[in-house]
Amino acid sequence: MSQMTSEYREWFARFAADPTDPSMTPRQWQEHLALDEVPRSRVIRIPTGYGKTLGVLGAWLYHRIERADDRWPRRLIWVLPMRVLVEQTADEVQRCLDRLAMRWKPGAGHQGKVGVHLLMGGTDPGGEWNLYPEEAAVFVATQDMALSRALNRGYGAPRARWPMEFGLLSHDALWVFDEVQLMDVGLATSAQLQAYFDDDASRSLRPRLTWWMSATLQPGWLRSVDTQAHHSAWTSSPTTLTPDALGSGLATIQKALRTNAIAATDHVGFAAAIKEAHEQVPKNAEHGRITLVVCNTVERACRTFDALSKLDASKDLRLVHSRFRPSERAEWKAAFLDKRACTAGVDRIIVATQVVEAGVDISSTALVTELAPWSSLVQRFGRCARYGGAGTVIVVDRGRDEKTAPPYGVEELEAAKWAVDALVEGLKGVGVATIEAFERGLDDTERERLYPYEPNHLLLRREFDELFDTTPDLTGADIDISRFIRSGNERDVSVFWVEVRQRRAGERPPAPPNDRRPSREELCSVPFLAARDWLCGKETKEKRAPRLLAKRRAWVWDWIDGEWTIAERSKLIPGAMVCVAADTGGYRRDRGFDPDSSVPVPIVETPPTALQDEADDLEDSEALSAAMTYKTVATHNAEVGQLALQIASGLVPSRLAQLIELAGRWHDVGKAHPAFQAIIEKRGDYATRVDLAKAPHGAWQSPCLYRSADGDTRRGFRHELASCLALFAVLRRYEPSHAALLGPWTEALVLIGDGAVPVPEAEKSQATDLEHHVLACTAEEFDLLAYLVLSHHGKVRVSLHAGPKDQEYVSRDDRGLPIRGVREGDELPSISLDDRTALPPFRLTLAPAVLGLSPITGASWRDRTTALLRVHGSGALAYLEALLIAADRRASKLTTVDVLLTLEADGRAP
């Protein structure tokens, strides 16, 4: 036995400690996975019940934390197809970390701890995780929330946060896609993304890997034209059960197989068959008299539940599907969805949908399942006799035509019927070893028939690259990514119910207050098409239904304007947050989402949660500038630069870390702009200062009304654009022929008649140290520096053009429209950098926003960012953005004393 093997076994015993099994040892496959020291993308094909969560989490923790192997990514992103699986997996991850005393908890120090974060509708996708990119963390997410972030369009997050989350989840990350047989087009998207990051490996700063995991995973599912070059590396040496494991233990449990055929509309007949099967289960079964029923649709599950209730089939009858709120689902685990609830003396029938196919640790003695695709059936078989003994499986054909087959395809059900009939004929049952032997005997044609996979959409490289730009068009519209995440109507909105009084005569319709946000426990996932039909009515070509029905009251959160707006069909899109008046109905505690119910919905009594920073939500907001005390630009910039260097030094090459530090030292220079200074109304002892970056919460104008020195209103003013343009002013002042400005274009400008390069306005010897650092940049470094400064709030990045609020500006001169509140010729006053030096005044130009070559600033901003993407790749560039943003937000929380203000108070101001 090697030293690493013995060390891992000792560590695993602590990590997976089970009170019922003090001598806990890893399974063979878990050990083989953990002893592979070099991280790589791979496939894991392990049957249900064999400890996939422990095996995968253990391998990552052992190398990343226990061995401190920096080759392993810091972030583990665990992706699951359904919310209920996310909650269960997160609970198990937290228990494992608690056993090692390794879990980070809010308010505690981060060093050496591992945070566990949920990414699903209703949880705060922000929190603190994005502020500590140098620390290890586990994210457990639904595929909607995870893949939307991987595509730089994070569902449930404000636009300004998209790039930061995209950057952190695209670098230093190990993605685990669990139960991929349920992910539909999301699986293909995951493979396309990994292929593109593998293509960009030479430009990557930290590893980005993927593990695909399922009991029925087929390597061919990951193959496409774009993945072909990497497919062999991913699928070679897959993690599977060894022959020894298949010949003993759980693999040899006997599960008898029978079939039946009952019409999809015969709910009473189906319920009678279930009752009969349940009564055949011995009352003294070791793990309880439990019958699990799995239906293919929520509607059939509900109707089956109703029919069983009328037959009085069991005193303990349960309904489980994905359209319940977490507040109701929280009761399930303790009551019946847990191994501890499967004990002798229990007499229970559970009616469920596909939510029990994965991640649910229960065992039934009898399993009654509707005919489903073979991959789904194999997962369902794993919920029978899971802990030992013996079980019976009944597969019921409810129809295989176009009307009865959905959500599955006819051909999928036909193929599964062929396999089930073959096993029934062979009288071999559906135990793990039997299934494995059956599949080994399949030829390629039969295997492809049983495991078809033809995603409706493939994410192309061009489409992925276009998603880097998060700028909306003038209508606020974006590229639709939902087709790359889920197919059909399985893309969800998150709905919660509140008490909203009825409208009184002569007043505007009441709406939820804009500071009302839901807690996770309140939210119910609803397919967006079902939500549209429920709230607006069914729509046909002849009869449109664009607005709410007369008796419906609902609102959708508007991330741009930061308010609840009346819901319309067009606003009910995947990822939307929907607030519904309780008296509208639509939900029952015992049935979950029920569009036919008009009974007022009981409200979940939990404290409301503000899901996001106001600073990320709104364009006209300076919430991040509010602090405990006043602080100058110089002091705040210095603190950000220091933190940025501290964070980046262990993550990126030294020169990149220096540029991020320099970006931090410059990033808020634009706050000297009069429009920003104007919104600090209460200035205390600092009425004459023009360089305040931070002020107490009560000092700010509300709402923000940015005004320039001449009294112009500058709606949507972005100080980071002024900071960026000030960098160009440095080059213009001291070195117009700099390679990042006009140097490469001198001859071209002469040829097109735009004249010679301007004479410097000042000698380099007059430049401050900070300006010298800017002048010392190469052209590529300057562009990166300017980009990081501009993008440090996520609101202005790739595109420089007038926004909707700029269009409202009424010009009184010939300087043109503003761009993000900054106008041509605006001036930043001289501000102090420390107690010795000060930056000169800077006159700003919008020339970089012009397409093509500018005689003032050279290459356009669009050309500069295109070049940056070509050099760094989208993942690395967004990652660098995220490091600076993390430093800025952490520094904004510091309560340190500002030396410059102290000097002023002492009468010794520089």
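As the structure is a prediction and not an experimental result, all values here were calculated from the model. (Residues numbered from 1 in each chain as written. Predicted model: local features only at pLDDT ≥ 70, side-chain atom pairs only at ≥ 80, totals over all residues. Heavy atoms only, no water.)

A.B. asks: Looking at this model, I keep getting lost on the confidence of the model for the protein chain. Mind explaining?
C.D. replies: Predicted coordinates in areas of low pLDDT are best not read in detail. Of all residues in the protein chain, 93% have pLDDT values of 70 or greater, and the mean over the chain is 89. For the stretch residues 610-615, pLDDT sits under 50, and the model shows 26 contacts to residues farther than four places along the chain or on other chains. (pLDDT = per-residue confidence, 0-100. Contact = heavy atoms within 4.5 Å.)

A.B. asks: Help me understand the pairing of strand E10 (residues 317-320), please; the structure alone is not making it clear to me.
C.D. replies: Here is the key point about a regular strand: its side chains alternate between the two faces of the sheet. Looking at chain direction, E10 and strand E11 (residues 347-352) are connected through four bridges and run parallel. From the neighbouring strand, Arg318 faces E11, where its bridge partner is Ile350. Crossover E10 to E11 through helix H12 (residues 326-335) is right-handed. (Pairing = 2+ DSSP bridges. Helix = DSSP H or I, 4+ residues; strand = E, 2+ residues; numbered from the N terminus. Right-handed = clockwise from strand over helix to strand, strands pointing away.)

A.B. asks: Looking at this structure, I do not really get the pattern of salt bridges. What am I missing?
C.D. replies: Charged atoms that come close allow side chains of opposite charge to pair. Inspection of the entire model under this criterion finds 69 salt bridges. A salt bridge links Arg862 to Asp469; the nearest nitrogen and oxygen atoms lie 3.4 Å apart. Of this pair, Arg862 sits in helix H27 (residues 861-872) while Asp469 is found in the loop between helix H17 (461-466) and strand E14 (492-498), placing the two residues 393 residues apart along the sequence. We classify Arg862 as partly exposed; its relative accessible area is 36%. For the salt bridge of Glu781 with Arg655, the shortest nitrogen-to-oxygen distance reads 2.9 Å. Placement of Glu781 in helix H26 (residues 779-790) and of Arg655 in helix H21 (residues 654-666) is noted, with a sequence separation of 126 residues between them. What makes Arg655 partly exposed here is its relative accessible area of 32%. Three or more residues joined by partner-sharing salt bridges are found here, namely Asp712, Arg714, Asp813, Arg815, Arg823 and Asp826. (Salt bridge = Lys/Arg side-chain N within 4 Å of Asp/Glu carboxyl O. Buried < 20%, exposed > 50% of the residue type's maximum accessible area, 1.4 Å probe, protein only.)

A.B. asks: Explanation requested: the pairing of strand E16 (residues 554-558) in the structure shown.
C.D. replies: E16 sits mainly inside the fold: four of its five residues count as buried. Strand direction decides the pairing type here: E16 and strand E18 (residues 577-581), joined by three bridges, are antiparallel. In the sheet register, Val556 faces E18, and the bridge partner there is Val578. Sheet topology places E16 next to strand E17 (residues 563-566); four bridges connect them, and they run antiparallel. Following the sheet pairing, Val556 is matched in E17 by Thr565. Taking the residues between adjacent antiparallel strands as the criterion, E16 and E17 are bridged by four residues, where Gly562 takes a positive phi near 65 degrees.

A.B. asks: Even after reading the chapter, I still don't get the packing of H27 against helix H28 (residues 874-891), so can you show me in this structure?
C.D. replies: The description of two packed helices rests on the angle between their axes and on the distance between the axes. Orientation of H27 relative to H28, taken along the N-to-C sense of each, is 105 degrees, at an axis distance of 7 Å. By the angle between their axes, H27 is roughly perpendicular relative to H28. Contact residues: H27 offers Leu868, Leu869 and His872, while H28 offers Ser874, Ala876 and Leu877. (Axes fitted to C-alpha atoms, helices over the stretch in contact; angles between N-to-C directions. Parallel < 35°, antiparallel > 145°, perpendicular 65-115°, else oblique.)

A.B. asks: How do you make sense of the environment of Val652 when you look at a structure like this?
C.D. replies: Of note, Val652 is situated in the loop between helix H20 (633-648) and H21. On the basis of relative accessible area, Val652 is assigned to the buried category, the value being 7%. Val652 sits 338 residues away from Ser314 along the chain, and the two C-alpha atoms are 61 Å apart. Beyond its immediate chain neighbours, meaning those up to four positions away, Val652 contacts Leu205, Ala657, Ile660, Tyr879, Leu880 and Leu883.

A.B. asks: Before we go on, may I ask you to explain the packing of aromatic side chains in this structure?
C.D. replies: The geometry of an aromatic ring pair is captured by the separation of the ring centres together with the interplanar angle, meaning the angle of the planes. Applying the stated criterion across every chain, the model contains 30 aromatic pairs. For the pair Trp497 and Tyr587, a centre-to-centre distance of 5.3 Å together with 45 degrees between the ring planes defines the contact as tilted. With Trp497 in strand E14 and Tyr587 in strand E19 (residues 587-588), this residue pair connects regions lying 90 residues apart in the sequence. Each member of the pair Trp497 and Tyr587 is classed as buried. For the pair Phe676 and Trp700, a centre-to-centre distance of 5.7 Å together with 70 degrees between the ring planes defines the contact as edge-to-face. Note that Phe676 is positioned in helix H22 (residues 674-677) and Trp700 in the loop between strand E23 (692-696) and helix H23 (719-734), a separation of 24 residues in sequence. Residue Phe676 shares its accessibility class with Trp700, and that shared class is buried. Among the aromatic residues, those joined into a ring-pair cluster are Tyr8, Trp11, Phe12, Phe15 and Tyr62. It is Arg398 that lies over the ring of Phe270; its NZ or CZ is 4.1 Å from the centre. Lying over the aromatic face of Phe468, Arg797 brings its terminal NZ or CZ to 4.5 Å of the ring centre. (Phe/Tyr/Trp six-rings, centres within 6.5 Å; stacked < 30°, edge-to-face > 60°. Lys NZ or Arg CZ within 6 Å of the ring centre and 35° of its normal.)

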